[in-house]
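Each chain is listed here by its residues.
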Amino acid sequence: MSTATAATTSSQILHHTTTFTSEVLSQPELRHHIFSTLRSKLLPSDQLALKPLNLAAETLEKAISTSNAAIQSSSLRLAQKLLLSYPETPFSSLLLCLIYSLTNQPIKSSLSLLQFFFLDPSLARSEVAATLFEQLFLVHFLPLLQWFNEQRSAILSSTSQNHVNGDIIADDYSIISDVSVVVPCSKLLSKMNGDQALELKELERNYEAVLDENCRVFVKYFKEVLANSDENRVISPPALVLKLQTEKAEEVVDYHEDTNIKSKELGLKNGRYNPIWAEGERSVEFYPQRVSLDILKKQNSRTLPTSSNLNSESELEPVSKDNSSANSCCSSYSEADDMEENNRETALLEHGRSLKPKQKQPIFADSNRSPDYLMADNVGNPPGSGKHTPPKDFVCPITSHLFDDPVTLETGQTYERRAIQEWLARGNTTCPITRQNLHNTQLPKTNYVLKRLIASWKEKNLRPVPHLSTENHHHHQDVESEQKIKSIVPATSATSVRSQAKPVVPATSPNSVISQATMDRTINELRQAITNLCMSEILKESEEAVLQIERFWQDMNIEPDILTMLSKPPVINGFVEILFNSVDPQVLKATFYLLCELGSRDEAVIHTLTRVDSDVERIVALFKEGLEEAVVLIYLLRPSTTGLVEMDLIECLLAVMKERDEHFLKMCLKPKTASVLLLRQILQSNEENVASSTISKIVSSKEIAIIVGSLEAEWAVERVAAVGILRRCMQQDGKCRNIIADKAQFAPVLESFMGASNEEQFEIVYFFSELVKLNRRTFNEQVLNIVRDEGAFSTMHSLLVYLQTAPQDQCPIVAGLLLQLDLLVEPRKMSIYREEAMDTLISSLRNSEYPTAQIAAAETIVSLQGRFTGSGKPLTRPLLLKRAGLEKSYRNLMRMELRRNNPGELEDISEEEKAADVWETKMAFVLASHEFGLIFEALAEGLKSRSAELYSACFLAATWLVYMLSVIPDTGIRGAARVCLLKHFISIFKSPKDIEDRTLSLLALKSFTHDAEGLRDLTSYMKDILKCLRELRKSSPLAIEIMKILSEGQESSADLWNHKEIVQVDSGENGEVLSLVSFKDKIFSGHSDGTIKVWTGRGSILHLVQEIREHTKAVTSLYILQSGERLYSGSLDKTARVWFIGNEQIHCVQVHDMKDQVHNLVVANSISCFIPQGAGVKVHSWNGQSRLLNQNKYIKCLALVHGRLYCGCHDNSIQELDLASGTLSTIQSGSRKLLGKSHPVHALQVHNGLIYSASIPLDGVAVKIWSTTNYNMVGQLPTTSEVRSMAISSELIYLGCKGGIVEVWDQKKHNRIEILQARTNGKVLCMTLDANEEVLVIGTSDGQIQAWGLS
């Protein structure tokens, strides 16, 4: 024995482990191979953790492949948290090792890797980290290897001495004694007696177990060394363990001892360790395991080529699919023998597959052999020389007896029931062989598959019955049945079962042990029932056969041969005949049950059923007639979507969904599940009208709640199908959103996301994206919180992983949902989810190769505003129009919403608005501030698109975000938005688009006026937008506000209000132009010779449309009521005429005798007021009555507003007369004549609650402004001109003066903007503005008509 090796340092451990992890991280193929190996080695108890392990492995791969440090850090942190939340496994330890290595935590990485060796030493050293084991562990295990070789040499030496035939020669022994070379175990065992073979196998098993235990001991030692990284104390290597702990004391050997260890010193009795029995028989150790039927078939078919009789058959060593070295009979073998052995096994396997069954045997072999058959019976039969050595899988490792009542534990090991019961009764809670903890100590049912195989083996090997007699016996037993259904039912035998079965774990056994005689009788009854079904011409017999087959199916454990018997086309056709002819509901249900069970297991059944169209039609017809179980078979038939639509099954599917599950038979698939899946398939039809009508039926029949219940279904496919149906329902009829949000359980849906395909994952994301479009913000946030917090895994991380691999067209939807989940908390400086979602939205918006994704990204941004109608439509556009002053569409929409909703639902509307405002502000801040306003660049590119849909969505999104810049804190992004979008908004505002788009662009432009640079940039476009602003003045108060802002930013308003002469017309032949009035596109002028002219403006020319002279004297007044298309004219001929205004001309419809000259006429609905020849003012009713008011004053001008008559008098006084009450009020007192001259008020106008009066500027002020409420003077225009007429627009005041001068004044600032000079020196007697306030027309005392337009 060698002396002790040197102690291992922490630096050496770190060096070896770091080398291993670096190699794994740098080689993807190696890493994937290791992961695949670890997945395959997971124990049944660890299968629940497979999904999180796979998710962690996938996240680790993403972290390795990404170049973004933030994404890598976040992904690794989430993967680490996920692994630490589940029970520890070898797989999780290795993943943690790699994660710690990537995060620069070498000590933690080494500890996790060492933990891997502790949990599964055999797997770690043989399949995952063999090199690391050699470098770190094996150097300490040299004494153990020496001990093993000495023990093996001792056994093989005795073989050489005791072998009577002298088969082992000196050369062979020299090879055996060599430490580095070991011959194949089959060659060694063939040259040993039974005891030596047992000793060698037991030595191998103990060597592997001791090696595992020493690995665990040294893992603890290495961990202690790492914990002592500062090396402040010396830690010596531990002693090697040479014997596993038993009921006796454990014996160890120190490094400093050199002891010759014999096998008897290991404390092993008869060469093996028995955990239960104190005195055990000498036997070979067999490991129970799950047995593949193919392997057993291969074992039973192996015979020596030279054997000529039954006694010469040789039973080869059984082959196990378990890769653990603990189950191997030798530690290594030569390459040549390995190839030879593999080739021989392959040849035998191929030979066995090609054999045809030539005899019939019963499914369960009958045996009179005692179940307590002992391995000691075969002492005289060396391995390989006799037929009575059973396969090791047939022998209990505790009792060494053939199994009588085998039970397979959760670890995969099989034991005799009474033996394992005694083991557990002693207080043990582990598997005797694997030493793994048992989660459930209640023993399972008998492993009947293994029990039948043992019975078959005993029938063949332990009875001296000639092979041919067995064949003849069974041939005669079944000859009668074979003659009847020879073409339908195959021969049933254990051999055929093994030849057809794939490698599977033992099937679940029946509830009670069925004797072989009972089984044979049942098989014969089944064959007879199949014969009656297929050949009987009596319907009653066929129906009884169906019921008998159904009972057999439900009561028995179905073998592959039985499934093959029932799946033959003649049998299936027999079932179909029953569907066509039987009227018994019980028989029909049983038939559908059997067809569904068979079809779900054998694809050939489905092909048989779909081969004839009439068969499918009959199945559909029975379903429509009320046989609801048929829906399962219809689903299994997999009809095309078109065919499914033609079947017209909607009403029937909905009826099935209403039924409880207890109403149906227990089938392979629940009828409700099949109905949901078929309904989903129908909704995927390319015919939109089909899908639309289907959804209408679902909603109208109030089946939404039932479909919502399918979100909790056991089958994930049903949950995903329900998600798809509900999503389509929400898109077509948004009213069902509230029902879904109220009743749905989201945790099962979120769990389905993990194992779903990419298409199914997007369906789930799309569903949640539609669901959070409720018309109440607080409800939306509740749903988002549930989606974020529920489920076994992190929803946000799962969405992030999916987003990185999702197809381009799906990315915007996924990113939108992820962004909303991230925004549930206050916006943070850094969020990996937000950054990834924003990058995806912007890149999708800019990717012109995917126009669908561009539109989806723009629409997603619009919907993120957070307000929706009851149908789920975004309220972004109506709300922005409301903010711009166009409230009509928004009010109409809200009125409709109130009608749809219950009054109580909107009681807390203020709270909802507050929540919506908070959400909108947070979302706008996140969108706008990302990468310093990068989103504005993307939206600007979208505004250049030729796609109307993309252009509209980008325009709306840009308008909303730019408007919100005036609400959120300015971080400098306002300038970035202005640079990207200002020109686009100017262009839209100037374009002849609808009034709403122009108003929205104006709303965005207003946001740019909040800072000096924006106002300066906008002012540079002032000349381009002024005309549009004037056009919008009457429809949007926002236009007036913008004009005011722009005018305040100018020192002079001359540029803002520039007039250009349009046209001049000479009407001097008709005398003075005494009155002017405009209506729509026409201008009417009244002349001193009694003529009325009608003009229309076309381009820069006034065209005379009509000239009419029905008044005999001067037409002093023209007046138009805006409520009706009537023109009133007053004349000095003491008449007032009413004219109908046609498309081109006017004609008189009524003449009123006023009894006095009419100098100034104003009209209300039923009366008119005019200035007579003398004092006062006359109020004339159209029925002919009149009265004289204010007789003490001589009136010069009048204005009538809301039943109040304002009079400007010759003595410069202004009075208000209430026509209803006759009350007279004085606004301005008169003055006495100066030097015998009067100073009358020549013009009087009332506008927006203000009275404008114009007269001679005695005190340097010709125009004064008064309030109509308190009669106080609120302003004045300091002009020195003598004003004769006046016109007022929304922003300007026009004063007509002597000498053909027109002064233009700013209504707000009261400063003069411009002076217009007519082409005459006559007095400006009258003036008017067109409907848009863009054109000013004046009439002069010398008969000239002249017009100016705003330029």
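Heads up: the structure comes first, above all this text.
Residues numbered from 1 in each chain as written. Predicted model: local features only at pLDDT ≥ 70, side-chain atom pairs only at ≥ 80, totals over all residues. Heavy atoms only, no water.

Draft legend 1. Geometry of the overall build of the chain. The helix and strand inventory of the chain stands at 51 helices and 32 strands. Counting across all 1351 residues of the chain, residues that qualify as buried make up 52%. Excluding contacts between residues fewer than 6 apart, the proportion of contacts in the chain whose partners are at least 24 apart in sequence is 61%. Approximately 61,000 Å² of the chain is accessible, and the part contributed by carbon and sulfur atoms is 49%. (Helix = DSSP H or I, 4+ residues; strand = E, 2+ residues; numbered from the N terminus. Buried < 20%, exposed > 50% of the residue type's maximum accessible area, 1.4 Å probe, protein only. Contact = heavy atoms within 4.5 Å. Areas by Shrake-Rupley, 256 points an atom, 1.4 Å probe, with all protein chains shown as cover.)

Draft legend 2. Quick look at the pairing of strand 21 (residues 1224-1228). In terms of strand pairing, strand 20 (residues 1214-1218) meets strand 21 through 4 bridges, oriented antiparallel. What sits directly across from Ile-1214, in strand 21, is Gln-1228. Linkage of strand 20 to strand 21, two consecutive antiparallel strands, is achieved through a turn of 5 residues, within which Gly-1222 is found at a positive phi near 80°. (Pairing = 2+ DSSP bridges.)

Draft legend 3. Structural view of the sheet that holds strand 18 (residues 1195-1201). Here we have 4 strands laid out as an open sheet, ordered 18-19-20-21, and antiparallel in their pairing. Both outer strands of the open sheet, strand 18 and strand 21, are each paired with one neighbouring strand and no more. Across the sheet, the axes of successive neighbouring strands diverge by a mean angle of 25°, strand direction being ignored. The sheet contact formed by strand 18 and strand 19 (residues 1204-1209) spans 6 bridges and is antiparallel. Looking at strand 19, one finds that Val-1201 is bridged to Arg-1204. (Axes fitted to C-alpha atoms, helices over the stretch in contact; angles between N-to-C directions.)

Draft legend 4. Representation of the pattern of salt bridges within the structure. The full count for this structure, using the stated rule, is 42 salt bridges. Close ionic contact of Glu-1069 with Lys-1093 constitutes a salt bridge, the shortest N to O distance being 3.6 Å. In this pair, Glu-1069 is assigned in the loop between strand 5 (1059-1066) and strand 6 (1073-1079) and Lys-1093 in strand 8 (residues 1092-1098), connecting sequence segments 24 residues apart. The residue Lys-1082 makes a salt bridge to Asp-1081 at a minimum N-O spacing of 3.7 Å. Among the residues examined, Lys-1082 registers a relative accessible area of 11% and is labelled buried. Through salt bridges with shared partners, a single ionic network connects Arg-867, Arg-883, Glu-913, Asp-917 and Glu-920. (Salt bridge = Lys/Arg side-chain N within 4 Å of Asp/Glu carboxyl O.)

Draft legend 5. Summary view of helix 36 (residues 758-771). In this model, helix 36 (14 residues) spans 20 Å end to end at C-alpha, consistent with the 20 Å of a helix rising 1.5 Å per residue. With 10 of 14 residues buried, helix 36 lies mostly within the body of the structure. The complete set of buried residues in helix 36 reads Gln-761, Phe-762, Glu-763, Ile-764, Val-765, Phe-767, Phe-768, Ser-769, Glu-770 and Leu-771. (Expected span 1.5 Å × (residues − 1).)

Draft legend 6. Highlighting the packing of aromatic side chains. Counting across every chain of the model gives 21 aromatic pairs. Consider the rings of Phe-137 and Phe-141, whose centres lie 6.4 Å apart with planes at 50°: the pair is tilted. The buried category is assigned to Phe-137, whose relative accessible area is 0%. The exposure class of Phe-141 is buried, given its relative accessible area of 0%. Aromatic side chains Phe-394 and Trp-457 sit 6.3 Å apart centroid to centroid with 75° between the ring planes, which places their arrangement in the edge-to-face category. Within this pair, whereas Phe-394 is found in the loop between helix 14 (335-354) and strand 3 (406-408), its partner Trp-457 is found in helix 16 (residues 448-461), the two being separated by 63 residues in sequence. As far as the burial class goes, Phe-394 and Trp-457 line up, both buried. Clustering of aromatic rings is evident, with ring pairs tying together Phe-116, Phe-117, Phe-133, Phe-137, Phe-141, Phe-218, Tyr-221 and Phe-222. Directly above the ring of Phe-779 sits Arg-776, whose terminal nitrogen or CZ lies 4.7 Å from the centroid. (Phe/Tyr/Trp six-rings, centres within 6.5 Å; stacked < 30°, edge-to-face > 60°. Lys NZ or Arg CZ within 6 Å of the ring centre and 35° of its normal.)

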